[in-house]
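# Summary of structural features
Letter by letter, the chains look like this.
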Amino acid sequence: MTVRIFVPRWMDQENTNAQNANARALLSRFSDPRARWTAVRSRESAPSVRQKNIYILPVSSTRFWHHRLALAYQSRFDAIFYPGHDWADELGIKMRRFARRRIPLIATMEGIIASSDALRHVSELVGHPVFSQPGTDPGIPRIRGLYEASDHIIAVSPFLARVSNALYGNKVSYLPLGIETGIFHDSGRCEPERVRVVSCGTVKGSKSPDAFLRLAARYKQADFVWFGDGVQRESLIVEAKRLGLENLNFPGALPPERLAEEFRRSSLFILPSHAEGVPKVTQEAAACGLPIVLFGFYEAPTVVHEANGLVAWSDDEFIEHVGSLIDNPMIRQAMGERGAAMAKHWSWDHLAPRWEQLIIRLASSC
């Protein structure tokens, strides 16, 4: 018997949202004949998902797309996997339940979005401060409702599995996220003559891109480059020019292939934000041979302190870690080599079958 599973994620080739990219990476590798997968698109779908076992439902990109997505939830399915956090997803799920057409709902937890009371509870549980994704307060009731309504939650790190269990009960499993190791690898890596510190992400307050101003001012012996677009990019370019920071650059976003090339000719990767899930970009940078500096508040499982990077627990410690790696090329090289070796186990080719088997089992038995 074939189980029909709806994945309400966008398969558009140009959609760069991390969750949609993860869904595309998974679906492009699923091949078990026991399942038939349906996803959505608004424009041209990515070539990787154009295969016979995936039906890609066209959803208009007009202002009515929310309603069309909610209606897509009503089709004949046996399970829903990977629902989003938009009100359209909430409406689609509620419509099914109002019509008494309940089917297994399998959600993922890829980061913490929680109230201040929940954060205090989690912080006490894990023994250190925990931060929610900034700017998400209005969506907390909807997101909490989604997780509470879910029959199962797949957390993408052991830490997030603990948090999910604490917040939503014993219906959680853990599976790691993968990366495209055909793109992100250390083959052809070349250390630049002048130390080059890079980061990547949306240029907005929650990612703390302004930290690059302070770092560039303190460590003028290194160049600092942030790849990505966002609302603060232009203002930070202006501010860097005003401060005379000629070693700081915000060149904008790059496609994955070019980003990987930039990583391979850089010295280290840093992530200055306090709230993350499992930042896949740090996995990609490690695969390209870069040591990583990030914060420990979200317990990223792919960065081991003093093995393939350094983990900070305060802003001052973060700044010192960056400086210590700028000044120590041999340590950078050793950490980078360890990270690239670790990354060989993070390929979607190895991990996607584990996701496929778990989802099919849950869809068939929830």
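Residues numbered from 1 in each chain as written. Predicted model: local features only at pLDDT ≥ 70, side-chain atom pairs only at ≥ 80, totals over all residues. Heavy atoms only, no water.

## Focus: the packing of helix 2 (residues 65-72) against helix 3 (residues 87-98)
Working note: a packed helix pair is described by the angle between its axes plus the distance between those axes. Between helix 2 and helix 3, the shortest axis-to-axis distance is 8 Å and the interhelical angle comes to 35 degrees. Every pair of crossing elements has a handedness; the one defined by helix 2 and helix 3 is right-handed. In contact with His66, His67, Leu69, Ala70 and Leu71 of helix 2, helix 3 contributes Trp87, Ala88, Asp89, Leu91, Gly92 and Met95. (Axes fitted to C-alpha atoms, helices over the stretch in contact; angles between N-to-C directions. Helix = DSSP H or I, 4+ residues; strand = E, 2+ residues; numbered from the N terminus. Left-handed = near helix turned anticlockwise from the far one by under 90°. Contact = heavy atoms within 4.5 Å.)

## Re the pairing of strand 9 (residues 223-227)
Most of strand 9 is tucked away: four of the five residues are buried. By the bridge criterion, five bridges tie strand 8 (residues 196-200) to strand 9 in an arrangement that is parallel. Bridging from a neighbouring strand, Val197 pairs with Phe224 of strand 9. For the crossover that starts at strand 8, traverses helix 7 (residues 211-218) and ends in the parallel strand 9, the hand is right-handed. By the bridge criterion, three bridges tie strand 9 to strand 10 (residues 248-252) in an arrangement that is parallel. Within strand 10, the residue paired with Val225 across the bridge is Asn249. With helix 8 (residues 233-242) bridging strand 9 and the parallel strand 10, this β-α-β connection has right-handed handedness. (Buried < 20%, exposed > 50% of the residue type's maximum accessible area, 1.4 Å probe, protein only. Pairing = 2+ DSSP bridges. Right-handed = clockwise from strand over helix to strand, strands pointing away.)

## As for the packing of aromatic side chains
Geometry of an aromatic ring pair is reported as the spacing of the ring centres plus the angle between the planes. If you walk through the whole model with that rule in mind, you get 15 aromatic pairs. Arranged with centres 5.3 Å apart and planes meeting at 55 degrees, the rings of Phe81 and Tyr82 form a pair that is tilted. Tyr82 shares its class with Phe81; the two are buried. Seen in terms of ring centroids, Phe131 and Phe297 are 5.0 Å apart; in terms of plane orientation they differ by 75 degrees. Their pairing is edge-to-face. Taken as a pair, Phe131 in the loop between helix 4 (116-126) and helix 5 (140-149) and Phe297 in the loop between strand 12 (292-295) and strand 13 (309-312) lie far apart in primary sequence, 166 residues in all. Among the aromatic residues, ring-to-ring pairing joins Phe131, Phe295, Phe297, Trp313 and Phe318 into one connected group. (Phe/Tyr/Trp six-rings, centres within 6.5 Å; stacked < 30°, edge-to-face > 60°.)

## A closer look at the pattern of salt bridges
All told, the structure shown has 19 salt bridges when counted by the stated rule. For Glu90, the salt bridge is made with Lys94, and the minimal N-O distance between the two is 3.4 Å. With Glu90 and Lys94 both in helix 3 and four residues apart, this pair spans about one turn of that helix. Residue classification places Glu90 among the partly exposed positions, given a relative accessible area of 28%. We note a salt bridge from Arg196 to Glu262, for which the minimum N-O separation is 2.9 Å. Remark: Glu262 occurs in helix 9 (residues 256-264) and Arg196 occurs in strand 8; sequence separation between them is 66 residues. One network of salt bridges, in which partners are shared, links Arg29, Glu180 and Asp349. (Salt bridge = Lys/Arg side-chain N within 4 Å of Asp/Glu carboxyl O.)

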